[in-house]
Amino acid sequence: MKEIIRVENLSKAYRVGQREQSHDTLFGQLADILSAPVRNLKNLRSLTKFNDQDDPTVHWALRDINFTVNEGEVLGIIGHNGAGKSTLLKILSRVTEPTSGHIRIRGRIGALLEVGTGFHPELTGRENIYMNGTILGMTRKEIDRKLDEIIDFAGVEKFIDTPVKFYSSGMKVRLGFAVAAHLEPEILVIDEVLAVGDAEFQRKCLGKMKDVSKDEGRTVLFVSHNMGAVQELCQRGIVLNKGSLVFSGTQIDAVNYYINNLGFQVNTSVKWDESEAPGDERAKILEITVTPASGKIITFSSGVKIKVVVKNTLEKSLVDVSFNLRYQDKSLLFHHGNYLDKPDKLKKGIYRMELIIPPFILNAGVYSIDVWLGLSNTEGIGKGVRDAVFFEVLNEAIDHIMRPLPGVIRPKLNYQVQYEG
């Protein structure tokens, strides 16, 4: 395969510390302005000096990064906040310059790094589409052919001739992704686009990124904290930690490295003080926790354990805990519930209820739980909680299946095949 990106010994440092105090007098301000170029040159020279001792006034966002990306490949970039992911994308997109090292890029880059990246706030959505296309080297006729498709994908038809400064953050992201994906750059750079927007838009983004890589042969660099999306979309992954590249391999191996070595948190829990807990004076939900039923991480083969802690003040009543399990698009998978105890045995005090969703039921993806209390199947106890907890089910390589599979459920089924030649 043809190499399209090569990164060699890439480093980026920033000078930290307080800015020099501004001067109150006109002479002082002029002196500060005139001395700024010399001061900035000294800072730049100091940043480019490599030594073994860490300089407390310098922060290394990236240090000695090396990797390559082939044409048509989708590379996932994983890491905690502050690991250097966004800095890396900004350097690759030529938004900022590296302190040292080299990057070699073959082709045009379309980047969506932050909300409204590349947009002029005073221009309309339509005008910004043409401006971005021109920056990418496209002719007006080429942009004309893509215009309707971009507007339709972004869903901003009513506001396309409104200045972008009046757009909501969601509208800016939708238009920004549509522009970046449809104006035919050879390399598409996406930073956490799935963190904004509704589930329908997120599905459209994933689908479009699959199309541009598989069908159109374009390269995608994808930063996300959604491990399910990384496993579904990418072929390879790299893991950054504190500015260093600590792992490079398949997307599944990269996610597993991140989980096992960098403390990716899969146990999702919410706790309430009794005064603010959902319910009322009769019964209250104090805690909801989701953990893997077995092992350290939630995968489709681990099963899921859901724990609910309830404080009850009733006796001789039927108090039940009910919940909805929803998929990432908010579709309801199932409703379930159970009584705390039989009416003649119900006591005042703390009840701890646990439920296990068996292995090989839930496929990779993000799920949420609604929870509420009821009384005798006739009335609710206080208000329920929508999206009380979220948890992610990760893919894993088992048996002969190495790739994520479509669908919400992933049951383990037994087949019988007979040859009757």
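Residues numbered from 1 in each chain as written. Predicted model: local features only at pLDDT ≥ 70, side-chain atom pairs only at ≥ 80, totals over all residues. Heavy atoms only, no water.

Q: Could you give an account of unusual backbone geometry, with specific residues and numbers?
A: Although it is not a glycine, Lys242 sits at a positive phi angle of roughly 55°. Along the chain, Lys242 falls in the loop between β8 (236-241) and β9 (244-250). Phi at Lys316 is positive, roughly 55°, even though this residue is not glycine. Residue placement: Lys316 occurs in the loop between β12 (304-312) and β13 (319-327). (Helix = DSSP H or I, 4+ residues; strand = E, 2+ residues; numbered from the N terminus.)

Q: Quick one: what's the story with the pattern of salt bridges, residue by residue and with numbers?
A: Scanning the entire structure with this criterion turns up 14 salt bridges. A salt bridge links Arg6 to Glu8; its shortest N-O distance comes to 3.7 Å. Judged by its relative accessible area of 23%, Glu8 falls in the partly exposed class. For the salt bridge of Arg108 with Glu186, the shortest nitrogen-to-oxygen distance reads 3.5 Å. Taken together, the residues span a long stretch of sequence, with Arg108 in the loop between β4 (100-105) and β5 (109-112) and Glu186 in the loop between α5 (169-182) and β6 (187-191) at a distance of 78 residues. Several salt bridges share partner residues, and in doing so they unite Glu3, Arg6, Glu8 and Arg104 into one network. (Salt bridge = Lys/Arg side-chain N within 4 Å of Asp/Glu carboxyl O. Buried < 20%, exposed > 50% of the residue type's maximum accessible area, 1.4 Å probe, protein only.)

Q: Before we move on, could you go through the packing of helix α3 (residues 125-135) against helix α4 (residues 140-154) and cite the residues and values that matter?
A: At a minimum axis distance of 10 Å, the contact between α3 and α4 shows a crossing angle of 135°. As summarised for this structure, α3 and α4 are arranged oblique, according to the angle between their axes. Classified by chirality, the crossing of α4 by α3 is right-handed. Across the interface between the two elements, Arg126, Ile129, Tyr130, Gly133 and Thr134 of α3 pack against Arg140, Ile143, Asp144, Leu147, Ile150 and Ile151 of α4. Residues belonging to the contact of α3 with α4 are distributed by class as follows: 6 nonpolar, 2 polar and 3 charged. (Axes fitted to C-alpha atoms, helices over the stretch in contact; angles between N-to-C directions. Parallel < 35°, antiparallel > 145°, perpendicular 65-115°, else oblique. Left-handed = near helix turned anticlockwise from the far one by under 90°. Contact = heavy atoms within 4.5 Å. Nonpolar A, V, L, I, M, F, W, Y, C, P; charged D, E, K, R; others polar.)

Q: Mind laying out α5, listing which residues take part and the relevant values?
A: If you check α5, its first and last C-alpha atoms are 20 Å apart, about what 14 residues at 1.5 Å a residue would give, namely 20 Å. For α5, the complete set of buried residues consists of Gly170, Met171, Val173, Leu175, Gly176, Phe177, Ala178, Val179, Ala180, Ala181 and His182. The positive-phi residue at the C-terminal boundary of α5 is Glu184, with phi of around 60°. (Expected span 1.5 Å × (residues − 1).)

Q: Could you give me a rundown of the nonpolar core, with the residues and numbers involved?
A: With 49 residues, the main nonpolar core has Ile78, Ile129, Leu175, Phe177, Leu188, Met209 and Phe222 as its most contacted residues. Not counting chain neighbours up to four residues away, the residues in contact with Met209 comprise Phe177, Leu188, Ile190, Val220, Phe222 and Leu233. If you look at the next biggest cluster of nonpolar residues, it comprises 34 residues, including Val310, Leu373, Val385 and Ala388. (Core = buried A, V, L, I, M, F, W, Y, C linked by side-chain atoms within 4.5 Å.)

Q: For the sheet that holds β5, give the residues involved together with the corresponding values.
A: On the basis of which strands lie adjacent, the open sheet formed by 6 strands has the order β5-β6-β7-β3-β8-β9 and mixed pairing. The open sheet is flanked by β5 and β9, the only strands paired with a single partner. Going across the sheet, the axis of each strand differs from the next one's by a mean of 15°, ignoring polarity. Summarising the sheet, β8 and β9 pair through 6 bridges and their orientation is antiparallel. What sits directly across from Gly237, in β9, is Gly249. (Pairing = 2+ DSSP bridges.)

Q: How would you explain α4 if you had to name every residue and give the values?
A: The end-to-end C-alpha distance of α4, which contains 15 residues, comes to 20 Å, matching closely the 21 Å that a straight helix rising 1.5 Å per residue would cover. The sharpest bend along α4 reaches about 40° and sits at Lys146. Every buried residue belonging to α4 is among Ile143, Lys146, Leu147, Ile150, Ile151, Phe153 and Ala154, and all of these are buried. Downstream of α4 by a residue or two, Gly155 has a phi angle that is positive, lying close to 70°. (Bend = angle between axes of the 7 residues up to and from the residue.)

Q: How would you summarise the packing of aromatic side chains if you had to cite specific residues and measurements?
A: One pass over the full model with this rule turns up 6 aromatic pairs. Relative to Phe334, the ring of Phe323 lies with its centre 6.1 Å away and its plane at 70°, an arrangement referred to as edge-to-face. Separated by 11 residues along the polypeptide, Phe323 in strand β13 and Phe334 in strand β14 (residues 332-339) bring together distant segments of the chain. With a relative accessible area of 27%, Phe334 lands in the partly exposed category. An aromatic cluster is defined as three or more aromatic residues linked by ring pairs; in this entry it consists of Tyr327, Tyr367 and Phe391. Directly above the ring of Trp60 sits Arg63, whose terminal nitrogen or CZ lies 4.2 Å from the centroid. A cation sits over an aromatic face here: Arg140 above Tyr130, 4.3 Å from the ring centre. (Phe/Tyr/Trp six-rings, centres within 6.5 Å; stacked < 30°, edge-to-face > 60°. Lys NZ or Arg CZ within 6 Å of the ring centre and 35° of its normal.)

Q: Requested: an account of the confidence of the model for the chain, with residues and values cited.
A: Here the chain averages 82 in pLDDT, while 83% of its residues score no lower than 70. Overall, residues 18-27 carries pLDDT values under 50, and its contacts beyond four positions in sequence, including any with other chains, amount to 6 contacts. (pLDDT = per-residue confidence, 0-100.)

Q: Describe the sheet that holds strand β2 (residues 58-70), and please don't skip the residues or the numbers.
A: Read from one edge of the open sheet, 3 strands run β2-β1-β4, paired in antiparallel fashion. Both edges of this open sheet fall to β2 and β4, since each of them pairs with a single strand only. For this sheet the average axis-to-axis angle between neighbouring strands, irrespective of direction, equals 15°. Two elements, strand β1 (residues 3-15) and β4, share 5 bridges in a ladder whose sense is antiparallel. Bridge assignment links Glu8 to a residue of β4, and that residue is His102. Helix-sheet contacts for helix α2 (residues 85-92) involve β1, β2 and β4, and the interaxial angle to β1 is about 120°.

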